[in-house]
Amino acid sequence: MSEVPTDALDRARLDAALSHGELWLRYFEMGGMSTALEVEGYLYGALKPSDHDHDVLVHAINERFVELGGNHPVPYSEGGDA
Amino acid sequence: MRYDWNAFDSEGPPERPLVAWRDLEAHITDGFSVTVDLSEDNAGTDALLCLMGEIDLVNVAVFDRALHSVIDQGNRRLVVDLGHLDFMGIAGLRVLGAAAARLDPLGGTLMLRSASALTRRVLSITGLSEAIAIEGVESGFDHLGPEQPATEVAATATTDVDLLGDVVPVAALAASDDVVDAALRLVVALARATVEGADGVSVSLARQGRLMTVAATDETIAGMDIDQYATGEGPCIDAATEGRWFHIESLEEELRWPSFIPRARSRGINSVLSSPLLARDQPVGALNIYSFTERAFAAQEQQLAGVFATQTSLILAAAGVDASAGLIGRRLQGALRARETIALALGVLMERDGVTADEAFNIIRRSSQSSDRPLSELARDVVSSTRQVGAAPAPGDRGE
């Protein structure tokens, strides 16, 4: 994973047509423990999430991609798990 | 006994008696009490004040009297225990600030014990944490955001409207009604203190399909709102449903709302300013400012009310409140159920496989990826599989 802060997650969110609120709700449903504000920080690369938080968020986005007929394009923390 | 200081010295009761003030006439709340312990038992402390209940604009005078009496009697090292205080608003903070300002030149100290996270945050935002020590926090600072400049302790709140912007992160901590209500109580207290001519402020919100008052500076004002809900008419209702401003300059001359006006006048109200609260451009409630004086709200006050309304809308937006409050409620309920199911499933896997919660999550998550089935569905399978004897293999089982 690149060390340079990036808003890649937020761009993935946009591609998945998820609002910030809806994404947080889905993340929350899966047991996510970070606040809506922190999640926004993760999305923009302003805050670094734990691996677990990162993966819950990524899975929320990926499940949405599946809903839209796609796959699980966003990589998880361990990498190579697509 | 609730208080941890209620232990007498082995040689007998303290020389100076405990003094208790009880104010059971506090509106809205069940009661508020300040109990003062002047015994020698409290190491390094001259006086310990324990607060119970809620401090509002009506009973804050009791707290003020207690603090200053204690200082008048020569006590210099004060500890105020907030452990049983349900709510401390701006009024209570100003009393604390004034007491700290009085103690400082006397070489005295004021320390807070068991301050809630919200209280500590508000102290930090208002800059009072520089003047008032918080037990257990080294520098007296406990802030989550950028450092705030210390504000004049005894100053009125007129210039601090922007501090509402810092209340937003508090509301974003959880989409729960309690946190939103706490933030809104701060807003109404601040609005009441800041808007010239305001005698009462309330916030009404649409919840579960009904308009209800979620914060009010006193009972008269809450009663005003109730009058509107009861008659089904009033500026608050119209602002909340139409998303527009409604200003009654003089209730005596007002022709609109013929059922509501007489009731309001009988309570002594003579002008009203209702500002809509919007979330995603939809009206979700109203910020209502009432005055016993007619024509109390000129252009400047209206503008200030607008600023408060905007800040309140931001709080609501951060907390995830939107127009379909009923829908949000159901959505949240569904989300909570799904979250509980996943927690249960993780528990099952942790027990079964001897793994950590994060590892258990990865197991279900990988299963969800490979099967293209939603995680919540798999979690339900895991949980229901525990109820069956000889159940089909659950996600993550060897050989899946």
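A quick note: this is a predicted structure, and the numbers were derived from the prediction, not measured.

Here is what the cut-offs are and how they apply
Residues numbered from 1 in each chain as written. Chains lettered and ligands numbered in written order. Predicted model: local features only at pLDDT ≥ 70, side-chain atom pairs only at ≥ 80, totals over all residues. Heavy atoms only, no water. Helix = DSSP H or I, 4+ residues; strand = E, 2+ residues; numbered from the N terminus. Buried < 20%, exposed > 50% of the residue type's maximum accessible area, 1.4 Å probe, protein only. Contact = heavy atoms within 4.5 Å. Areas by Shrake-Rupley, 256 points an atom, 1.4 Å probe, with all protein chains shown as cover. Buried area = accessible area lost by both parts, 1.4 Å probe. Salt bridge = Lys/Arg side-chain N within 4 Å of Asp/Glu carboxyl O. Phe/Tyr/Trp six-rings, centres within 6.5 Å; stacked < 30°, edge-to-face > 60°.

As for the overall build of chain B
Part 1: Counting secondary structure elements, chain B contains twelve helices and eleven strands.
Part 2: Within chain B, buried positions represent 49% of all 400 residues.
Part 3: Pairs at least 24 residues apart make up 61% of the contacts formed inside chain B by residues separated by at least 6 positions.
Part 4: About 18700 Å² of surface is accessible on chain B, with carbon and sulfur atoms providing 50% of the total.

Remarks on the interface of chain A and chain B
Part 1: Residue-level contacts link 24 residues of chain A with 21 residues of chain B.
Part 2: The largest per-residue losses of area from chain A upon contact with chain B belong to Phe28(A), Glu29(A) and His52(A), which jointly make up 26% of the total buried on that side.
Part 3: For the interface between chain A and chain B, the tally reads one salt bridge.
Part 4: Residue Asp55(A) pairs with Arg365(B) through a salt bridge whose shortest N-O separation is 3.7 Å.
Part 5: Taken together, the elements giving at least two residues each to the side of chain A that touches chain B come down to helix H2 (20-29), helix H3 (36-44) and helix H4 (51-67) of chain A.
Part 6: Per-element tally for the side of chain A that touches chain B: the top contributor is H4(A), with six residues.

What about the packing of aromatic side chains?
Part 1: For the coordinates displayed, the defined rule picks out two aromatic pairs over all chains.
Part 2: Ring geometry for Trp24(A) versus Phe28(A): centroids 5.0 Å apart, planes at 20°, classification stacked. Of this pair, Trp24(A) and Phe28(A) both sit in helix H2, four residues apart, which is roughly one turn of the helix.
Part 3: Between the aromatic rings of Phe246(B) and Trp257(B), the centroid separation amounts to 5.9 Å while the plane-to-plane angle is 75°, which identifies the pairing as edge-to-face.

By themselves, these observations are geometric and do not establish any function.
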